[in-house]
Every structure is written in C-alpha cells, then in structure tokens.
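Tertiary structure, described
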Amino acid sequence: MTATIESPRSGRIAPQYRRSGGSKGNFEMIAWLFMRLSGVVLVVLIFGHLFVNLMVGEGIHAIDFGFVAGKWADPFWQFWDLAMLWLAMLHGSNGVRTIINDYAEKTSTRRWLKTVLYAAAVVIILLGTLVIFTFNPCPVVNGVALPGGFCPA
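In short, a report on the structure. Quick caveat: nothing in here was measured; it's all calculated off a predicted structure.

Thoughts on the environment of G48
As for its placement among the helices and strands, G48 is situated in helix α1 (residues 23-54). What makes G48 buried here is its relative accessible area of 18%. Distance from G48 to W80, taken between C-alpha atoms, is 9.3 Å for residues 32 residues apart in sequence.

Structure, rendered in structure tokens:
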C-alpha cells in the first residue's frame, strides 16, 4: 500500500485572498506617506516653537498673555502656529484612525468611532484656527478696555 499526499497547489484549494485595485489601497498609501512627511515637518515646527518660547529672550519666565499677544501680532507666527495645529491634529487623527481600523472588530463600531474622531478633529481645528485669527490682545467691553497693563492706552 502506497499513500499519496496531494499538494495544496494541485488546484483544489481556492485562494482566500484576492487583491482588488480599489481606491482604498491608494488612500492608505497616501495616509502612510502623509504620516511620514507630516512627522518630519512637525519635528521642525515643534522644536522651532520650543526654541523660541523657551530659549530666546528671558526664556520660560517671559511667557505670559503679553508674550502670546506680541507673537501673534506677527502673521509669520500665526501661520507657524496654525501649521503646527493643523498638522498635529491631522497627524494624530490619522494615527488614531489606523488604531481604530486595527482593533475595532465590528463595522458599526468602527464607523461610530471614526465619526466621533473626525467630528472632534474638525471642531478642534476650527476652534484653534478661529482663536489664532481672531485673537485680540486689547479687548474692549462696553467701551471699557479690560485690565491687563500691556495694551497701549
């Protein structure tokens, strides 16, 4: 008696994985590339931010409301902080999206978690952008300037 063992490549076993040429693959590749590029840009933005705030001038002792008001009076620093905000939120949201895709087993759970994530990211980006561009260091309420001591008379 001779026993024969058939090879799994004999054509009887159908492959379970079929590669599709859908757009999801392109999106994931672009998201992966975005994470790498935004990470490099964020390192530059964050270390520049820390250097200016902690090392230049009087260092940490000079950081107060007036320091931020003076910094945001310059459009360069408004753009710098805006870029840091947008990139950090998009970078972080993309990372959390990847974690949700990896660990949420049910499609409905994954959908709800990503909906909450996207809504939170949009709210934070919109509010942060609004604060950066509408910041007024010398507010006037009912014709009376609020106390602060750093605004010109």
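Past the structure itself, the notes keep going.
Things to note about the packing of aromatic side chains
Evaluation of the coordinates by the stated rule reveals 5 aromatic pairs. Residues F65 and F135 carry aromatic rings whose centres are separated by 5.4 Å and whose planes lie at 55° to one another, so their mutual orientation is tilted. Taken as a pair, F65 in helix α2 (residues 65-72) and F135 in the loop between α4 (107-134) and β1 (140-141) lie far apart in primary sequence, 70 residues in all. Consider the rings of W77 and W80, whose centres lie 5.5 Å apart with planes at 55°: the pair is tilted. Separated by 3 residues within a single helix, W77 and W80 lie in helix α3 (residues 75-103), roughly one turn from each other. Look at W80 and you get buried, because its relative accessible area is 17%. Here a set of aromatic residues connected by ring pairs shows up, and it is made of F65, W72 and F135. Above the face of the W77 ring, K71 is positioned so that its terminal group lies 5.1 Å from the ring centre.

What counts, and at which threshold
Residues numbered from 1 in each chain as written. Predicted model: local features only at pLDDT ≥ 70, side-chain atom pairs only at ≥ 80, totals over all residues. Heavy atoms only, no water. Helix = DSSP H or I, 4+ residues; strand = E, 2+ residues; numbered from the N terminus. Buried < 20%, exposed > 50% of the residue type's maximum accessible area, 1.4 Å probe, protein only. Phe/Tyr/Trp six-rings, centres within 6.5 Å; stacked < 30°, edge-to-face > 60°. Lys NZ or Arg CZ within 6 Å of the ring centre and 35° of its normal.

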